[in-house]
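Commentary on secondary and tertiary structure
Residues per chain are reported as follows:
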Amino acid sequence: MHATRIIAIRHGETAWNVDTRIQGQIDIPLNDTGEWQAARLAEALADEPIAAVYASDLLRAHRTAEHVARSQGLPVRADTGLRERAFGSFEGLTFDEIHATLPDDARRWRTREPEFVPGGTGESLIVFRARVVETVHAIAARHPGEQVVVVGHGGVLDVLYRAATRQELQAPRTWKVGNAAINRLLWTPDGLSLVGWADDAHLARQELDDGTV
């Protein structure tokens, strides 16, 4: 089977990103910066051969994908398997609030305990990883020899990086997962491999749009 090229994207910025507030599966829209990032992303990918654009059905990811899909004349194919990890009662809280009110849970979360279920009703890392990897496997298998865009969330991109580099769930993150950065993966039936990561050259300072230095 021919390999499938994947451009993996985290959604543009939201107000809750700025506030370090856990979004999880709460449907938060892009802020103005996020809309600008998504527009710049679409410009950066405009000349790429793209067969399909997939996205989480959550607004911040779907809206980011809409910018890319519009520039390609394609629809956005929503897939709930690309949703962010479910965080239960953590959702809506800031990092500081979680540490202050739930210190033991915060420790288990921060140390990336694979079986830990955040907020009582969220997803463990093991369950979350399985969902994301299975979803991307299914998407890529539909497009042998083609290139697709997959727009998800920070946790989704973290899982894909780990899968492509064969890193354990508990390994400390040493790589960036930036809003609207371009990340490139290659998929075959044997799994994912890393091609390029965290390309954010298209997100140069907005002042450059006005011709200023």
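Let me begin by describing the structure that accompanies this report. (Residues numbered from 1 in each chain as written. Predicted model: local features only at pLDDT ≥ 70, side-chain atom pairs only at ≥ 80, totals over all residues. Heavy atoms only, no water.)

Spatial strand order, β3-β2-β4-β1-β5-β6: six strands in an open sheet with mixed pairing. Unpaired on one side and paired on the other, β3 (76-78) and β6 (191-199) mark the two borders of the sheet. Ignoring strand direction, the axes of neighbouring strands in this sheet form an average angle of 25°. Pairing of strand β2 (residues 52-55) with strand β4 (residues 147-152) involves four bridges; the strand directions are parallel. Across the sheet, residue A55 finds its bridge partner in β4, namely V151. Helix-sheet contacts for helix α3 (residues 59-72) involve β1 (4-10), β2, β3 and β4, and the interaxial angle to β2 is about 170°. (Pairing = 2+ DSSP bridges. Helix = DSSP H or I, 4+ residues; strand = E, 2+ residues; numbered from the N terminus. Axes fitted to C-alpha atoms, helices over the stretch in contact; angles between N-to-C directions. Contact = heavy atoms within 4.5 Å.)

Let us look at unusual backbone geometry. In this model, R112 sits at a positive phi of 60°, which is unusual for a non-glycine residue. Along the polypeptide, R112 turns up in the loop between α5 (103-110) and α6 (125-141). Despite not being glycine, A180 has its phi angle at roughly 65°, a positive value. One can find A180 in the loop between α7 (154-165) and β5 (182-188).

Once that is clear, we can look at the layout of surface pockets. The computed volume of the largest pocket comes to approximately 690 Å³. The wall of the largest pocket is formed by 30 residues, among which F87, F95, W109, G155 and R173 lie closest to the centre. For the lining of the largest pocket, the elements supplying multiple residues, two or more each, are α1 (15-18), α5, α6 and α7. Across the lining of the largest pocket, the residue classes break down as 11 nonpolar, eight polar and 11 charged. (1 Å grid on protein atoms, 1.4 Å probe; cavity = no way out; pocket = protein on both sides within 12 Å on 5 of 7 lines; lining within 4 Å. Points joined across faces, edges and corners; volume = space filled by probe spheres on them. Nonpolar A, V, L, I, M, F, W, Y, C, P; charged D, E, K, R; others polar.)

This paragraph deals with the pairing of β6. Both β5 and β6 contribute to a ladder of six bridges, which runs antiparallel. Pairing of T188 across the sheet is with G191, part of β6. Linking β5 back to β6 in an antiparallel pair, the connection comprises two residues.

Of all hydrophobic cores here, the largest spans 24 residues; its most connected members are I6, V132, V148, L160, L185 and L192. Take this core: its biggest share by element is six residues, from α7. Setting aside chain neighbours within four positions, we find I6 in contact with V136, A140, V148, V150, N183, R184, L185, W187 and L192. I7, I9, L41 and V151 belong to the second-largest nonpolar core, a separate cluster that totals 14 residues. (Core = buried A, V, L, I, M, F, W, Y, C linked by side-chain atoms within 4.5 Å. Buried < 20%, exposed > 50% of the residue type's maximum accessible area, 1.4 Å probe, protein only.)

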